[in-house]
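In case you want the letters, here they are:
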Amino acid sequence: IFLIQSGDWKVSPFWPVKMGYPIIELDEKDYSYAVVGYESRSYVWILSRTPTMDEGVYEKLKTKLVEDHQYDLDGLRKVPQIWTADERISRGLTSEELPDSFLN
């Protein structure tokens with residue numbers, strides 16, 4: 001039972017609010033990624049320990065989300081962790097919102 005429930009975490013962004021934080025996929029080999037779901041399936045986060053994730057791993061996780069967890073990924077967007085000036089422009093951000101010091 002412990003292993004079945006071990007992915008059911010809770011987070012508290014501020015007291016007294018507590019929210020579910022179910023870890024629905026996890027790289028059990030080296031914890032290089034985790035996928036956090038949401039019971040209603042209206043939110044999902046694919047997290048990586050590194051700024052970039054192998055595209056094959058990312059695609060595999062998306063497939064698992066659809067086939068194993070019944071997620072609709074139409075609104076899923078990949079948020080870059082290594083930003084470029086072109087990426088900042090394509091997302092409509094200003095240098096005040098994303099300063100040059102954050103660019104690669």
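The preceding data block contains the structure.
Residues numbered from 1 in each chain as written. Predicted model: local features only at pLDDT ≥ 70, side-chain atom pairs only at ≥ 80, totals over all residues. Heavy atoms only, no water.

A few points about the packing of aromatic side chains
Defined as follows: Pairing of aromatic side chains requires ring centres within 6.5 Å, counting the rings of Phe and Tyr and the six-membered ring of Trp. Pairs whose planes differ by under 30 degrees are stacked, by over 60 edge-to-face, and all others tilted. Residue exposure (1.4 Å probe, protein chains only): buried if accessible area is under 20% of the type maximum, exposed if over 50%, otherwise partly exposed. Our definition puts a charge over a ring when NZ of Lys or CZ of Arg is within 6 Å of the ring centre and also within 35 degrees of the ring normal.
Counted under the stated rule, the structure contains two aromatic pairs. Measuring from centroid to centroid gives 6.0 Å for Tyr-43 and Trp-45, while their planes differ by 10°, and the two rings are stacked. The exposure class assigned to Tyr-43 is partly exposed, which follows from its relative accessible area of 47%. Connected via pairs of aromatic rings, a cluster forms that spans Tyr-38, Tyr-43 and Trp-45. Across from the ring centre of Tyr-58, 4.2 Å away, lies the NZ or CZ of Lys-78, which sits over that ring.

What to know about the environment of Gly-75
Let me state the cut-off plainly: Starting at the N terminus, helices and strands are each numbered in turn, a helix being any DSSP run of H or I of at least four residues and a strand any DSSP run of E of at least two.
Here Gly-75 is to be found in the loop between helix H2 (55-67) and helix H3 (85-90). Along the sequence, Gly-75 and Ser-42 sit 33 residues apart, while their C-alpha atoms lie 9.4 Å from each other.

Here's the deal with a nonpolar patch on the surface
Selection criterion: Patch definition: residues above 30% relative accessible area lacking any salt bridge, with like charges linked at up to 9 Å and the nonpolar side chains Val, Leu, Ile, Met, Phe, Trp and Tyr linked at up to 5 Å. Surface accessibility follows the Shrake-Rupley procedure with a 1.4 Å probe radius. Residue values consider only the protein chains on display as shielding. Any Lys or Arg side-chain nitrogen located within 4 Å of an Asp or Glu carboxyl oxygen qualifies as a salt bridge.
A cluster of nonpolar side chains, Tyr-38, Tyr-43, Trp-45 and Leu-47, forms an exposed patch at the surface whose accessible area comes to about 400 Å². Assignment of secondary structure puts Trp-45 in strand E4 (residues 45-48). Judged by relative accessible area, Trp-45 falls into the partly exposed class, the value being 41%.

A few points about the pattern of salt bridges
With the rule as written, the count across this model stands at five salt bridges. The residue Glu-55 makes a salt bridge to Lys-78 at a minimum N-O spacing of 2.7 Å. Of this pair, Glu-55 sits in helix H2 while Lys-78 sits in the loop between H2 and H3, placing them 23 residues apart in sequence. Owing to a relative accessible area of 41%, Glu-55 belongs among the partly exposed residues under this scheme. Between Arg-88 and Asp-100 there is a salt bridge; the shortest N-O distance is 2.9 Å. Of this pair, Arg-88 sits in helix H3 while Asp-100 sits in the segment after H3; the two residues are twelve residues apart in sequence, bridging distant segments of the chain. Arg-88 sits in the buried class, given a relative accessible area of 11%.

Quick notes on H2
Under the convention used in this document: Expected helix span is given by 1.5 Å per residue-to-residue step, counting one fewer step than there are residues. Think of the arc as the fan of directions from the helix axis to the C-beta atoms. Here a polar contact is taken to be a pair of N or O atoms separated by no more than 3.5 Å, where protein atoms must pair a possible hydrogen donor with a possible acceptor and residues adjacent in sequence count only if both atoms sit in side chains.
Over its 13 residues, H2 extends 18 Å from the first C-alpha to the last, a length consistent with the 18 Å expected when each residue adds 1.5 Å. Buried residues of H2: Tyr-58, Leu-61 and Leu-65, and no others. Looking straight down H2, one finds that the buried residues subtend no more than 65° of arc, so they occupy a single side. Taking the backbone nitrogen of Gly-56 as reference, a side-chain oxygen 3.0 Å away marks Asp-54 as the first, capping residue of H2.

Quick word on the pairing of strand E3 (residues 33-36)
As a reminder of what qualifies: The rule for pairing is simple: two strands pair if DSSP sees at least two bridges between them.
By the alternation rule, side chains of E3 split into Tyr-33 and Val-35 and Ala-34 and Val-36, which are all buried. Two strands pair when backbone bridges link them, and E3 and E4 are joined in this way by four bridges, in the antiparallel orientation. The partner of Tyr-33 across the bridge, within E4, is Ser-48.

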